[in-house]
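# Remarks on the overall topology
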Amino acid sequence: NSKAAAGLAEKTLQTYHYHWQAISKYIDSGQAVEDLDSRQLEKMVADMRKASLAATSINSYTRTMKSFLSWCNGRGLTEANIKLYKAEEAVKVTYTDAELKRLLKKPNMRQCSFTESRTWTIINLLLNCGCRAATIRNIQVQDVDLKAATIIYRHTKNGKVQVIPLCSSMVAVLREYIKIRDGGNTDYLFPNENGKPLTESGLRQAIEKYNISRQVEKTSIHLFRHTYAQRYLQNGGNAFNLQKILGHSTLKMTKHYCDIYDAEICKDYDKLSPLAAFK
């Protein structure tokens, strides 16, 4: 309730619930929090390891437990805390050049289905700016400014509005797609075939179906985000601007999007955007 009142995203709250169910298998969640000590917390982690849980899972669970204990510490309920379990950082296998060329091959926009033209446009956008799936689903037609070559993210993980640059290739793609979409300013840019908001599962299934139809076995939406970040840096982009574009929050990044967005992000964006290299 405290975190919900603080405005945390619903998905984050769901993750807390899921993690707590998993944690409760390895620690007595019915005991008084003031009775919790470091020995119990260490045993919890040890038992997770004995159960052969993945290191990344243990890391996630200890991170959630650490957040919970910090909340308890702030209310004087306990002084107990927990160290994050270290997990080896896995190197993400991103989309290859060959896969991206197949995915970005333009369909016949006059003859293909709306679903195909929409999904093709989404994949272009994913490679233009590496946005999250939830952000894509909540973009409205009015958020696209073709003249300024920017797009506004109103729905972000950290709750802050962002203004993101579009490379010239993406502007051309959106200009054509918006004519096909033919919606009002407040309509969602990427609806389902019935014109209703695209659901999380609907977007995931659309990407999966599209990728497989293009002989690409990888179907992860989030993998486009990793691919974007990798290619952006390889193309000469700097980490600070990448942080802005991806919307990664830190304690220092608390300003409104007007403070975050500046002309430096847009400078030479045709050289930096992974999408432009395929056009």
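So, here is what we can say about the structure in this document.

Reading guide: rules and limits
- Residues numbered from 1 in each chain as written.
- Predicted model: local features only at pLDDT ≥ 70, side-chain atom pairs only at ≥ 80, totals over all residues.
- Heavy atoms only, no water.
- Helix = DSSP H or I, 4+ residues; strand = E, 2+ residues; numbered from the N terminus.
- Buried < 20%, exposed > 50% of the residue type's maximum accessible area, 1.4 Å probe, protein only.
- Contact = heavy atoms within 4.5 Å.
- Areas by Shrake-Rupley, 256 points an atom, 1.4 Å probe, with all protein chains shown as cover.
- Lys, Arg positive; Asp, Glu negative; His and termini not counted.
- Charge placed at Lys NZ, Arg CZ, Asp CG, Glu CD.
- Salt bridge = Lys/Arg side-chain N within 4 Å of Asp/Glu carboxyl O.
- Phe/Tyr/Trp six-rings, centres within 6.5 Å; stacked < 30°, edge-to-face > 60°.
- Axes fitted to C-alpha atoms, helices over the stretch in contact; angles between N-to-C directions.
- Parallel < 35°, antiparallel > 145°, perpendicular 65-115°, else oblique.
- Nonpolar A, V, L, I, M, F, W, Y, C, P; charged D, E, K, R; others polar.
- Pairing = 2+ DSSP bridges.
- Expected span 1.5 Å × (residues − 1).

## A closer look at the overall build of the protein
Within the protein, the secondary structure is distributed over 14 helices and three strands. Viewed in the frame of its principal axes, the protein has a C-alpha envelope of about 65 × 40 × 40 Å. A buried classification covers 41% of the 279 residues belonging to the protein. Nonlocal contacts in the protein, meaning residues at least 24 apart in sequence, comprise 64% of its contacts between residues at least 6 apart. In the structure as shown, the protein presents an accessible area of about 16,000 Å², 49% of it carried by carbon and sulfur atoms. Looking at the protein, you have 41 positive and 27 negative side-chain charges, and the mean spots of the two groups are 4 Å apart.

## What about the pattern of salt bridges?
Under the defined criterion, the tally for this structure stands at seven salt bridges. When the shortest N-O distance is used, the salt bridge between Glu99 and Lys218 registers 2.7 Å. Here Glu99, found in helix α5 (residues 97-104), pairs with Lys218, found in the loop between α9 (200-213) and α10 (222-234); they are 119 residues apart in sequence, far enough to count as distant. Accessibility classification places Glu99 together with Lys218 in one group, the buried group. With its nearest N and O atoms 3.6 Å apart, the salt bridge here joins Glu116 to Arg214. Within this pair, whereas Glu116 is found in helix α6 (residues 114-129), its partner Arg214 is found in the loop between α9 and α10, the two being separated by 98 residues in sequence.

## Here we look at the packing of aromatic side chains
Summed over the entire model, instances satisfying the criterion amount to six aromatic pairs. On the basis of an interplanar angle of 55° and a centroid distance of 5.4 Å, the ring pair of Trp20 and Phe68 is categorised as tilted. One end of the pair, Trp20, is in helix α2 (residues 10-23); the other, Phe68, is in helix α4 (residues 55-74), with 48 residues separating them in the sequence. Judged by relative accessible area, Trp20 falls into the partly exposed class, the value being 31%. On the accessibility criterion, Phe68 (30% relative accessible area) is partly exposed. Relative to Tyr177, the ring of Phe114 has its centre 6.2 Å away and its plane inclined at 25°; by these criteria the two rings are stacked. Taken together, the positions of Phe114 in helix α6 and Tyr177 in helix α8 (residues 168-181) put the pair 63 residues apart, joining distant regions of the chain. Judged by relative accessible area, which is 23%, Phe114 ranks as partly exposed.

## Let's talk about the packing of α5 against α6
Packing of α5 against α6 brings their axes to within 9 Å, and their N-to-C directions diverge by 140°. Taken together, α5 and α6 sit at an angle that is classed as oblique. Contacts between α5 and α6 involve Leu100, Leu103 and Leu104 from the first element and Trp120, Ile123, Asn124 and Leu127 from the second. Within the contact of α5 with α6, the residues separate by chemical class into six nonpolar, one polar and no charged.

## Some words on the environment of Ala80
Tracing the backbone through its elements, the reader meets Ala80 in the loop between α4 and α5. Ignoring anything within four residues of it in the chain, the contact list for Ala80 reads Leu36, Leu41, Leu69 and Asn73.

## Considering unusual backbone geometry
In most cases, non-glycine residues show a negative phi, while peptide bonds are predominantly trans. Although it is not a glycine, Ala149 sits at a positive phi angle of roughly 60°. Checked against the element boundaries, Ala149 lands in the loop between β1 (144-145) and β2 (150-153). The phi angle at Gln215 is positive, at roughly 60°, despite the residue not being glycine.

## Topic: the pairing of strand β3 (residues 162-165)
Of the two faces of β3, the one holding Gln162 and Ile164 and the one holding Val163 and Pro165 are both buried throughout. Pairing of β2 with β3, which is carried by four bridges, proceeds in the antiparallel orientation. Across the sheet, Thr150 pairs through a bridge with Pro165, a residue of β3.

## Here's the deal with α8
Here α8 spans 20 Å end to end across 14 residues, near enough to the 20 Å set by a 1.5 Å rise per residue. Every buried residue of α8 is listed here: Ser169, Met170, Val171, Val173, Leu174, Tyr177 and Arg181. Looking at the buried positions of α8, the neighbouring elements they touch are α6 and β1. Taken from the residues just after α8, Asp182 is the one with a positive phi, measuring 50°.

## Examining the sheet that holds β1
Ordered in space as β1-β2-β3, the three strands form an open sheet in which the pairing is antiparallel. Each edge of the open sheet carries a strand with a single partner, namely β1 and β3. Along the sheet face, helix α11 (residues 239-246) touches β2 and β3 and points at about 120° away from the line of β3.

In short, shape yes, function no, at least from these values alone.
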